[in-house]
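Commentary on secondary and tertiary structure
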Amino acid sequence: KEEAACAVTSVPLKAEATPRDATPRLEPPPPQCIARCGRRELLACFLGTGCAAPSTYRAPAAIYLHAFERGGLLLDAGEGCLGQLGRTFGTAGTAAVLRRLTAVWISHAHADHHLGLPTLLAAVERARTPPALPLGARHATPPLLVIGPHAIGRWLERYQALLPPARRLRVAFAHNEAVNNPRCTERHWLLRQSGLGLASLRSVRVLHCPDAWGIVLDGKAGWRLVYSGDTRPCSALAAAGAGATLLIHEATFSAEQSAMALRKRHSSTSEALGVAAAMGAYRTVLTHLSARYESEASAAWASSSSIVAYDGLTLNLADLPRCTAAAPPIERFFKAVAAREATAAAAESARLAARSVSIETLLEVQRWLEGVVATVVRTAAGGPG
């Protein structure tokens, strides 16, 4: 029943009959691991693809890697990630996901990447401890592993200290770099005992704020997934993730805003695609978009091997050879959204203009009535006409 609840329908995408641009490109053959994996190997669920704060169409950063009956790994936990899980998997499916959640990995200590963590951890505790069981029964399950920067560990400790003892969360914390150590207990459990299906995990220091990390995941089935976190173009990440099956890279700014990206220590779309080329990534998904591009994320930002993420995108590893065919429909969707917003804005402007005219007319009537009343008063008092 849990497997059925966790299932997310992933409809195979149809390739376009004509190329997306005038320059023909030789499409590289899909990695052999994709043919071997099948459709129940890995599902990348983009819960939040925005940055800084929730916006109309994009929640803060959160990506859930769903390994079906083997568990799952959450990469970043921006505000609202629990609600986004509910929208993706439904109520029963989310409960099953939380019971099987293997670990949470946090890239850095900025709030838009971890503010959803307390709510998520509390939901995991509830899912793993049915109300009918006594409180002590929850200790039969292992604590949820949270991997992150030192500041996240301190933040969790302080948060736990505010909770009554009966409500404290069962969490095991490990620093990103510590889990790279082959002797790390948490690493051994994650790779050898959790059943998630990982062959290797490596956190890579990236160029953003202090203690900021990207991650390289290797599956036992032969795939490699790389997540950049927030960063400037990083040669260390490109080297560590060489030959990636799927690269998920931040693209906070458009190519025209590269100077802004440099000042903010982020990447532009063109810089992210440059990292993908240097890495030799088979497919790339651009995420962590600024709210200024709310309705502009489209095929124009993508390439022959990349797409732009949106909240609710679920990408099956088996669909990577065909995923770029989704770019034109996504572009049409966002253009329709932009047109609808423009129509709504024009209607609102017209309404406000009409209201302004009505108010001005009422004020003129009021001034006229005040003049009439003043004239009547003066006449009644015997004043001049």
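Below is a short write-up of the structure.

Side note on the packing of aromatic side chains
Under the counting rule described, the total for this entry stands at two aromatic pairs. Aromatic side chains Tyr-64 and Phe-89 sit 5.7 Å apart centroid to centroid with 80° between the ring planes, which places their arrangement in the edge-to-face category. Here Tyr-64 is found in strand S2 (residues 62-66), whereas its partner Phe-89 is found in helix H3 (residues 81-100), with 25 residues between them in sequence. Of the two residues, Tyr-64 and Phe-89, neither departs from the other in class, the shared state being buried. Residues Trp-105 and Tyr-227 carry aromatic rings whose centres are separated by 6.2 Å and whose planes lie at 75° to one another, so their mutual orientation is edge-to-face. Of this pair, Trp-105 sits in strand S4 (residues 101-105) while Tyr-227 sits in strand S9 (residues 224-227), and the two are 122 residues apart along the sequence.

Section: H3
In this model, H3 (20 residues) spans only 16 Å end to end at C-alpha, well below the 28 Å of a helix rising 1.5 Å per residue. Listed as buried for H3 are Cys-81, Gln-84, Leu-85, Phe-89, Gly-93, Thr-94, Ala-96, Val-97 and Leu-98.

With respect to helix H10 (residues 327-380)
Taking 1.5 Å as the rise per residue, H10 with 54 residues should run 80 Å; its terminal C-alpha atoms sit 79 Å apart, in good agreement. Every buried residue belonging to H10 is among Ala-327, Pro-328, Ile-330, Phe-334 and Val-337, and all of these are buried. On its buried face, H10 sits against strand S12 (306-308).

Describing the pattern of salt bridges
Side-chain pairs of opposite charge can arise where the charged atoms are in close proximity. What the rule picks out here adds up to eight salt bridges. For Asp-218, the salt bridge goes to Arg-224, with nearest N and O atoms at 2.7 Å. Judged by its relative accessible area of 22%, Arg-224 falls in the partly exposed class. One network of salt bridges, in which partners are shared, links Arg-39, Asp-319 and Arg-322.

With respect to the nonpolar core
Ranked by internal contacts, the top residues of the largest apolar core, which has 42 residues, are Leu-65, Leu-75, Leu-217, Trp-223 and Leu-225. Apart from the residues within four sequence positions on either side, Leu-75 is in contact with Ala-62, Ile-63, Leu-65, Trp-105, Ile-215, Leu-225 and Tyr-227.

Brief notes about the side chain of Ser-194
Along the chain, the position of Ser-194 falls in the loop between helix H6 (185-193) and strand S7 (198-205). According to the relative accessible area criterion, Ser-194 is buried, its value standing at 18%. One polar contact links the side chain of Ser-194 to the main-chain carbonyl oxygen of Leu-190, over a distance of 2.6 Å.

Observations concerning the sheet that holds S12
Pairing is mixed across the open sheet formed by six strands, whose spatial order is S7-S8-S9-S10-S11-S12. Two strands in the sheet have a free side with no partner beyond their single neighbour: S7 and S12. Neighbour to neighbour, the strand axes of the sheet diverge by 15° on average, direction disregarded. In this sheet, strand S10 (residues 246-250) lies alongside S9 in parallel orientation, the contact comprising three bridges. What sits directly across from Tyr-227, in S10, is Ile-248.

Points about the pairing of strand S6 (residues 171-175)
Relative to S6, strand S5 (residues 144-148) runs parallel, the two sharing five bridges. Note on S6: the bridge partner recorded for Leu-144 is Val-171. Note on the crossover from S5 through helix H5 (residues 150-162) to S6: the handedness is right-handed.

Points about unusual backbone geometry
Only a minority of non-glycine residues have a phi that is not negative, and only a minority of peptide bonds are not trans. The backbone of Ala-52 sits at a positive phi, close to 70°, despite the residue not being glycine. Examined against the element boundaries, Ala-52 turns out to sit in the loop between strand S1 (43-48) and S2. By relative accessible area, Ala-52 is classed as exposed at 62%. One non-glycine residue, Asp-76, lies in the positive phi region at around 70°. Structurally, Asp-76 is set in the loop between strand S3 (72-75) and H3. For Asp-76, a relative accessible area of 0% translates into the label buried.

Notes on the pairing of S5
Judged by how many residues are buried, S5 sits mostly within the fold: five of five residues are covered. Of the two faces of S5, the one carrying Leu-144, Val-146 and Gly-148 and the one carrying Leu-145 and Ile-147 are both buried.

A closer look at the environment of Asp-230
In this fold, Asp-230 is placed in the loop between S9 and helix H7 (235-240). With relative accessibility at 2%, the residue Asp-230 sits in the buried group. Spatially, the C-alpha atom of Asp-230 lies 9.4 Å from that of His-113, the residues being 117 residues apart in sequence. Ignoring any residue separated from it by four or fewer positions in sequence, one finds Asp-230 in contact with His-108, His-113, Val-206, His-208, Glu-250, His-266 and His-288. Only 3.4 Å separates the side chain of Asp-230 from the side chain of His-108, close enough to count as a polar contact.

Some thoughts on the packing of H3 against helix H4 (residues 117-128)
Relative to each other, H3 and H4 sit at 35°, their axes nearing to 9 Å. In terms of crossing hand, the pair formed by H3 and H4 is right-handed. Facing H3, whose interface residues are Cys-81, Leu-82, Leu-85, Ala-95, Leu-98, Arg-99 and Arg-100, H4 presents Thr-119, Leu-120, Ala-123, Val-124, Ala-127 and Arg-128. Class assignment of the residues belonging to the contact of H3 with H4 gives a composition of nine nonpolar, one polar and three charged.

What counts, and where the lines are drawn
- Residues numbered from 1 in each chain as written.
- Predicted model: local features only at pLDDT ≥ 70, side-chain atom pairs only at ≥ 80, totals over all residues.
- Heavy atoms only, no water.
- Phe/Tyr/Trp six-rings, centres within 6.5 Å; stacked < 30°, edge-to-face > 60°.
- Helix = DSSP H or I, 4+ residues; strand = E, 2+ residues; numbered from the N terminus.
- Buried < 20%, exposed > 50% of the residue type's maximum accessible area, 1.4 Å probe, protein only.
- Expected span 1.5 Å × (residues − 1).
- Contact = heavy atoms within 4.5 Å.
- Salt bridge = Lys/Arg side-chain N within 4 Å of Asp/Glu carboxyl O.
- Core = buried A, V, L, I, M, F, W, Y, C linked by side-chain atoms within 4.5 Å.
- Polar contact = N/O pair within 3.5 Å; in protein donor to acceptor, adjacent residues only side chain to side chain.
- Pairing = 2+ DSSP bridges.
- Axes fitted to C-alpha atoms, helices over the stretch in contact; angles between N-to-C directions.
- Right-handed = clockwise from strand over helix to strand, strands pointing away.
- Left-handed = near helix turned anticlockwise from the far one by under 90°.
- Nonpolar A, V, L, I, M, F, W, Y, C, P; charged D, E, K, R; others polar.

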